[in-house]
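Inside the fold
Residue-level listing of the chains:
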Amino acid sequence: SPLRDTGAQLAAGVAAGLLAPEEGAALHEAAALLWRLQSAARLLTEGALDPAQVGEGGRRFLLREAGGESLDALAATVARASARADAIITERLRA
């Protein structure tokens, strides 16, 4: 449903002029990345994800699903996407 779809909601925000197109794209990319990471983590463990505890196969699965070349690269990508999303959201809340 478009009412629950993150991409549709962000597109509506862009169409309404509440977000710049590049902001909508950055938020969508961050949400998609974090969703893939969360979904993969839930399949690997019930609690907080600890890459050391899921084994080599679990780490490879996590990287494949989240699109990382290494755990360090994935962590850096998550940090960048999260920081960008935070900056956009913080700025929009101030507006």
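Here we summarise the structure given alongside this text. (Residues numbered from 1 in each chain as written. Predicted model: local features only at pLDDT ≥ 70, side-chain atom pairs only at ≥ 80, totals over all residues. Heavy atoms only, no water.)

**Section: the overall build of the protein chain**
- Along the backbone of the protein chain there are 4 helices and 0 strands.
- Helices and strands appear in the protein chain in the N-to-C order α-α-α-α.
- Over its C-alpha atoms, taken along the principal directions, the protein chain stretches across nearly 45 × 30 × 20 Å.
- Evaluated residue by residue, the protein chain yields a buried proportion of 25% over its 95 residues.
- Here the contacts in the protein chain between residues at least 6 apart in sequence split such that 46% fall between residues at least 24 apart.
- As displayed, the protein chain offers around 6,500 Å² of accessible surface, 55% of which is attributable to carbon and sulfur atoms.
- Counting 10 positive and 12 negative side-chain charges, the protein chain places the centres of these two groups 2 Å from one another. (Helix = DSSP H or I, 4+ residues; strand = E, 2+ residues; numbered from the N terminus. Buried < 20%, exposed > 50% of the residue type's maximum accessible area, 1.4 Å probe, protein only. Contact = heavy atoms within 4.5 Å. Areas by Shrake-Rupley, 256 points an atom, 1.4 Å probe, with all protein chains shown as cover. Lys, Arg positive; Asp, Glu negative; His and termini not counted. Charge placed at Lys NZ, Arg CZ, Asp CG, Glu CD.)

**Some words on the side chain of E23**
- Position of E23 relative to the elements: it lies in helix α2 (residues 21-44).
- Given a relative accessible area of 10%, E23 falls into the buried group.
- Excluding residues that lie within four positions of it along the chain, E23 makes contacts with R84, I88 and R92.

**Overview of the pattern of salt bridges**
- As enumerated under the stated definition, the model contains 2 salt bridges in all.
- A salt bridge links E23 to R92, with the nearest nitrogen and oxygen atoms 2.8 Å apart. With E23 in helix α2 and R92 in helix α4 (residues 71-94), this residue pair connects regions lying 69 residues apart in the sequence.
- With its nearest N and O atoms 3.2 Å apart, the salt bridge here joins E56 to R59. Of the two residues, E56 and R59 both sit in helix α3 (residues 55-66), 3 residues apart, roughly one turn of that helix.
- Residue classification places R59 among the partly exposed positions, given a relative accessible area of 21%. (Salt bridge = Lys/Arg side-chain N within 4 Å of Asp/Glu carboxyl O.)

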